[in-house]
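Okay, here's what each chain looks like letter by letter:
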Amino acid sequence: MKMVVEVDLQDSSTSDPIRSTSDLDDGRRWRTISGLILTVAICGAASVFQPISDAHRSAALDVFVPVDGSYKSLEEAYEALKTLEILGIDKKSDLSSATCENVVKVLGSSSSTLKDAFNALNVNEILKCKIGEAGPKDIVSQLQAGVKDAKLLLDLLLFCQRLGARLSMKMFLQKEQFPGTDISLGDAEAIFRSIKALSQSDGRWRYSSNNPESSTFAAGLAYETLAGVISLAPTELDPSLIQTLKKGIVKLFDSIQKFDDGTFYFDEKSVDASQGPISTTASVIRGLTSFAASESTGLNLPGDKIVGLAKFFLGVGIPGDAKDFFNQIDALACLEDNKFSVPLILSLPSTVISLTKKEPLKVKVSTVLGSKAPALSVKLTQALSSKSVDSSVINNQELKFDADSATYFLDSFPKNFDVGKYTFVFEILLDDSAHEKVYITEAQTKVPIAATGVISIENAEIAVVDSDIGSVESQKKLDLTKDGAVSLSANHLQKLRLSFQLTTPIGNAFKPHQAFFKLKHESQVEHIYLVKTSGKKAELVLDFLGLVEKLYYLSGKYEIQLTIGDASMENSLLSNIGHIELDLPERPEKAPRPPLQSTEPYSRYGPKAEISHIFRIPEKLPAKQLSLVFLGVIVLPFIGFLIGLTRLGVNIKSFPSSTGSAISALLFHGGIGAVLLLYVLFWLKLDLFTTLKALSLLGVFLLFVGHRTLSQLAAASNKLKSA
Amino acid sequence: MARSSTSKDAQDLFHSLRSAYTATPTNLKIIDMYVCFAVFTALIQVAYMALVGSFPFNSFLSGVLSCIGTAVLAVCLRIQVNKENKEFKDLAPERAFADFVLCNLVLHLVIINFLG
């Protein structure tokens, strides 16, 4: 659908130009942006989703490009091959040799990690390479031993899923290549319980028993793993366990999120989650699909949310990233064929109805991957016009079915179906006959439709009118379909009047979105005016007396250009009507000059002048040598102090000799030294709070020690005095 | 006559002061030397600032005030420790010294914080 700028024409009066060209573009740009945002916001409620088409298939070949004939890792190879297989593109022959070599190597070596073995088995499932006997046996026994110790959900998933795949592969090969391998889980119930222990009450799961963080992505993995456990269990598991799992699924659906256009998705709660919405939602869908397939009692999921999830993936479009592409296609493949409900998508190849071409409106209903839908009927319940939202133009019209192209079409429109924007509301009714699968559709699909037609422009004329008397000096009829050579002349005492009539094909009044009248002077100065529409008539009156200043007193030849445009108008036009000679008075001294028109029209979008920032000039610091000299000079008084002390004959004879006192004296001096050291560290790198904390500890220590030392000294000197 | 007498008086004054000073106890002389050391350090800092300008003014203030502060505290210590001072007869010199150490530590904490 053509999206046309919705410019608000309510503010200016008819004879005022909006602004000269440069300012107009700014104003128009702002209104364009706000108009677009508004239009998008409104259209958000009604939008069309297309199923996977050939555009996707050709894009897949571009996205999944192998480097030098093979992929970087087995995981990427698996993603690429699975996506191409689902889309039905056969590229296997090109890549199979190199990739198969890799697969055989990984499966044959006993030192491959579980993840590599997982990816190798996945790739092998698609490519069906020839593998020797010994390799897989080691892997299988390794996996079986591993499951007993496995604490990680991922490891368990690897084990259960891939053993399930091995089982199918064994049946496919129809050879007893793996006679000794026992592909079943011994204690399935215990494993089930240990996995189930990782679940949380809000529906999310943890990755392992050590890691407390939980995620929705892990929930998807958990359900896939449990599906594998159920399918490999030799006996039926306790139905109460499965019941609790189903409750967990209901809880998980409580955390689903949605966009305004009706799409649902799962996303992680934590901001720094490694999985985005696409991979999280795909993981959940994979898990639920395999879980529903593995157990027999059936899974009941809310249908509207399933359709919403399908719409989410279809709404992604064509992802550029290989992982997103794989997740999208894999999830859609799961939705295409599953045990709970298969969503059907209603799509329109074209959302524009042309009233002149009289082609029918076509509607397609298909599954998400584009396959045929079962027998159903499509009804157009309402066609709501954007002008009158309450009443509907079309009511409960059933669409006819064309079996050759598998489309539903509506070929007859009522007589009062006018041009403009509509919202068509479709409803799909499935035929009652029993189907193998349960199909689900949206209750109502709202689609924005544009109806276009040829707008007839009549009675177009331009005239120069004397403003005082109102008499017409010269009047010319316009043929807007061709560029006329209308030549008019006017002076500043006269008015210019342009008028025309617009009618829709069925005769209603039509208000175009764009009706601009442009006057362009020889010196490239432009002025644009809006043509106001009232009812059927559109008229513009330019009073030159009031506009003289706005026209910058430029006399001379002005070219006239008229633009009429609208989304619903098939014959939008831009015509050069002709020119007008304007005779304006002389420019007085203080009048504004016309803005300089640059020769390059897009020069305003070029680079602007470079801004040179003025930084604070750093303070002038003294020369380094001077500072070092003074550092030396500062030390001199201290040296003088020491020299003076020695000259005085200072001694430390009264340092206590008994061990206890000596220790406390030493500790006292040590404590003071420690405090001074702390101060130095404080200056160098610590902050005040750390210092205060350390100081309080040291201070308390120093207090005790100092008190002891000094009291001992005091006692000693008292003894000396008394003695 | 007057000039020579004044200069002779000044010399006599100086000599008498010097001889009186030698009688002071050693610990008071240590404190006096410490005060001189602190004041000299402050003077050198002021001279440096006069030379190169007071750009990190907080550092200058902190340095000078540290010297002056510790000089003041030493003077207080001297007053309290001096046996001829009747006011502080009952105060043990060790207690005065403990006060001196504590006040110095607090002063230097603030100084280091202000030094920047």
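- Naming follows an unreviewed UniProt entry, where chain B appears as Dolichyl-diphosphooligosaccharide--protein glycosyltransferase subunit DAD1 of Arabidopsis arenosa.
- The Subunit (unreviewed entry) comment attached to chain B in UniProt states, word for word, "Component of the oligosaccharyltransferase (OST) complex."
- According to the UniProt record, the Subcellular location (unreviewed entry) comment for chain B reads "Endoplasmic reticulum membrane".

- You'll find chain A entered in an unreviewed UniProt entry as Dolichyl-diphosphooligosaccharide--protein glycosyltransferase subunit 2, with Arabidopsis arenosa given as the organism.
- Under the UniProt heading Sequence similarities (unreviewed entry), the note attached to chain A is "Belongs to the SWP1 family."

### Here we look at the overall build of chain B
Now for step 1: Tallying secondary structure elements over chain B gives four helices and zero strands in all.
Now for step 2: Reading the secondary structure of chain B in the N-to-C direction produces α-α-α-α.
Now for step 3: Relative to its full complement of 116 residues, chain B shows a buried share of 31%.
Now for step 4: Looking at chain B alone, contacts between residues at least 24 apart form 68% of all its contacts between residues at least 6 apart.
Now for step 5: Within the structure as shown, chain B displays about 7,400 Å² of accessible surface, and the carbon and sulfur contribution to it stands at 69%.

### Comments concerning the sheet that holds strand 21 (residues 532-534) of chain A
All names here are of chain A.
Now for step 1: Spatially, five strands are ordered 16-15-18-22-21 in an open sheet, and the strand pairing comes out antiparallel. Two strands close off the open sheet at either side, each with one partner strand: strand 16 (472-477) and strand 21. Direction aside, the axes of adjacent strands within the sheet are offset by 20° on average.
Now for step 2: Strand direction decides the pairing type here: strand 15 (residues 456-466) and strand 18 (residues 494-503), joined by nine bridges, are antiparallel. For serine 456, the partnering residue across the bridge sits in strand 18 and is threonine 503.

### A closer look at the interface of chain A and chain B
Now for step 1: At the junction of the two partners, chain A supplies 31 residues and chain B supplies 26 residues.
Now for step 2: Carbon and sulfur atoms make up 87% of the area that chain A and chain B hide from each other, which totals about 2,600 Å².
Now for step 3: Where chain A touches chain B, the interface holds zero salt bridges.
Now for step 4: At the boundary of chain A and chain B, one finds two residue pairs in polar contact (both at pLDDT 80 or more).
Now for step 5: For the side of chain A that touches chain B, the secondary-structure elements that each account for two or more residues are helix 15 (624-648), helix 16 (659-684) and helix 17 (688-722) of chain A.
Now for step 6: Of the residues forming the side of chain A that touches chain B, the biggest block, 11 residues, is contributed by helix 15 of chain A.

Calculation rules
- Residues numbered from 1 in each chain as written.
- Chains lettered and ligands numbered in written order.
- Predicted model: local features only at pLDDT ≥ 70, side-chain atom pairs only at ≥ 80, totals over all residues.
- Heavy atoms only, no water.
- UniProt positions renumbered as here; feature names shortened; annotations may be inferred.
- Helix = DSSP H or I, 4+ residues; strand = E, 2+ residues; numbered from the N terminus.
- Buried < 20%, exposed > 50% of the residue type's maximum accessible area, 1.4 Å probe, protein only.
- Contact = heavy atoms within 4.5 Å.
- Areas by Shrake-Rupley, 256 points an atom, 1.4 Å probe, with all protein chains shown as cover.
- Pairing = 2+ DSSP bridges.
- Axes fitted to C-alpha atoms, helices over the stretch in contact; angles between N-to-C directions.
- Buried area = accessible area lost by both parts, 1.4 Å probe.
- Salt bridge = Lys/Arg side-chain N within 4 Å of Asp/Glu carboxyl O.
- Polar contact = N/O pair within 3.5 Å; in protein donor to acceptor, adjacent residues only side chain to side chain.

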